[in-house]
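Residues per chain, in single letters:
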Amino acid sequence: MSKADKGKCSYCKEIFSKAEIKDHLKACEARIKKHKPGNISSDDEIYFGILVEGFELPEYWMYVDIPVSASLKILDRFLRDTWLECCGHLSSFEIAGEIYASNPVKSEGDKSMSVKLGDILDKGTQFLHEYDFGSTTTLKLTVAFVRSGKKRRQKIEIMARNLPPEIKCSECGGIATQVCCECIYEDKGWLCDKCSENHECGEEMLLPVVNSPRVGVCGYCGMEDE
Ligand SMILES: [Zn+2]
Ligand SMILES: [Zn+2]
Ligand SMILES: [Zn+2]
Ligand SMILES: [Zn+2]
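For clarity, every value in this text was computed on a predicted model and none was experimentally measured.

### Examining the layout of surface pockets
Part 1 of the argument: Considering only enclosed or pocket space, the largest pocket measures out at about 440 Å³ in volume.
Part 2 of the argument: Each residue belonging to the lining of the largest pocket can be placed in one class, and the counts come to 11 nonpolar, five polar and two charged.
Part 3 of the argument: Residue assignment places the lining of the largest pocket across two domains, with domain 1 (3-162) and domain 2 (178-210) each supplying three or more.

Put into structure tokens, the structure is as follows:
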């Protein structure tokens, strides 16, 4: 498989394919050492291991470890910080037919994100997250693991994450470092350092290629559309 398929385990730092990493995380000794199983005391907490992936761009993926007592709000904040935030758009989760929104419209039946993961998710639950209802980035989430362990201060831990996909320059086939937020819609906006210098749309339309399913989208482009 291409490099796009590969990701790194945060605990042992080794590289695995997306298909292998779930089994690896289960067995990873470095992880098991860190996540000592709890023994039913008040210091214990239940954690979900959640696979997050780009709905249309599944080459962007992460496994995150998060306590079931955390709220959807905390997960939303984490997804924004790690992958999504450009200019404070609205977002929502869709879980079992219900919408949990960053700014809930009660008359439309929206719920708030102040709800604990453990109350609405279970092992195997699949759900969606949408960021920005204009140029939407959709993520698919799956509860892959459940474990018990000691409580910790840090809420969310990245268990594994994809390596930056190697994207080719649309002009010369070199390695793209910039993306033109105009031309990306025709799928020809990926540019290497050299080709980006002469790009017809101008420098202000170029964004850095980042390791996120929101690469090249929206407000990173500047203020013109605001
Ligand atoms: Zn590992
Ligand atoms: Zn090029
Ligand atoms: Zn362009
Ligand atoms: Zn934006």
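### Section: the domain arrangement of the protein
Part 1 of the argument: In terms of domains, the protein is made up of domain 1 (3-162) and domain 2 (178-210).
Part 2 of the argument: For domain 1 and domain 2, the distance between their C-alpha centres works out to 31 Å.

### Looking at the pattern of salt bridges
Part 1 of the argument: All chains considered together, the criterion is met by 13 salt bridges.
Part 2 of the argument: Between E53 and K18 there is a salt bridge, and its shortest N-O distance comes to 2.5 Å. Here E53 is found in strand β3 (residues 44-54), whereas its partner K18 is found in helix α1 (residues 18-27), with 35 residues between them in sequence. Residue E53 shares its accessibility class with K18, and that shared class is buried.
Part 3 of the argument: A salt bridge links D81 to R77; the shortest N-O distance between them is 3.3 Å. A residue pair is termed a helical-turn pair when its members lie 3 or 4 positions apart in one helix, as D81 and R77 do in helix α3 (residues 72-84) at four residues.
Part 4 of the argument: In this structure, a network of salt bridges that share partners links the residues K34, D65, R147, R152 and E157.

### Observations concerning the coordination of the zinc ion (ligand 1)
Part 1 of the argument: For the zinc ion (ligand 1), the full set of protein donor atoms is C9 (SG), C12 (SG), H24 (NE2) and C28 (SG), at a range of 2.0 to 2.4 Å.
Part 2 of the argument: Coordination geometry of the zinc ion (ligand 1): the four donor atoms subtend angles of 104 to 117° at the metal centre, consistent with an arrangement described as tetrahedral.
Part 3 of the argument: Spacing between the donor residues of the zinc ion (ligand 1) along their common chain follows C-x2-C-x11-H-x3-C. Note that C9 is positioned in strand β1 (residues 6-9) and H24 in helix α1, a separation of 15 residues in sequence.
Part 4 of the argument: Under the relative-accessibility criterion, H24 is labelled buried at 15%.

Reading the values: the criteria
Counting starts from 1 at the beginning of each chain's written sequence and moves along it residue by residue. Chains carry letters from A onward and ligands carry numbers from 1 onward, assigned in written order. Two thresholds apply to this predicted model, a pLDDT of at least 70 for residue-level local features and 80 or more for giving and counting side-chain atom pairs, whereas whole-chain, interface and lining totals are computed over all residues. Calculated side-chain values reflect all of the structure's heavy atoms, with hydrogen atoms and water omitted. In this analysis the probe radius is 1.4 Å and the grid spacing 1 Å, with only protein atoms considered; a cavity is a set of points the probe fits into but cannot get out of, a pocket is an open set with protein on both sides within 12 Å along at least five of seven lines, and lining residues have an atom within 4 Å of a point. Grid points are joined across faces, edges and corners, and a volume is the space filled by probe spheres set on the points. Under the scheme applied, nonpolar residues are Ala, Val, Leu, Ile, Met, Phe, Trp, Tyr, Cys and Pro; charged residues are Asp, Glu, Lys and Arg; polar residues are all the others, including Gly. All the domain ranges listed were derived from an automatic or database domain assignment. A carboxyl oxygen of Asp or Glu within 4 Å of a side-chain nitrogen of Lys or Arg is what we treat as a salt bridge. Numbered from the N terminus, helices here are DSSP runs of H or I no shorter than four residues, and strands are runs of E no shorter than two. Any residue under 20% of the maximum accessible area for its type is buried, any over 50% is exposed, and the rest in between are partly exposed; the area is computed with a 1.4 Å probe on protein chains only. Nitrogen, oxygen and sulfur within 2.8 Å of a metal are treated as its donors, or within 3.2 Å for sodium, potassium and calcium (Na, K, Ca); water is not counted, so a site can appear incomplete. The geometry test gives tetrahedral to four donors whose angles all lie between 85 and 135 degrees, gives square planar to four donors and octahedral to six donors whose opposite members are over 155 degrees apart with all other angles between 65 and 115, and gives irregular to the rest.

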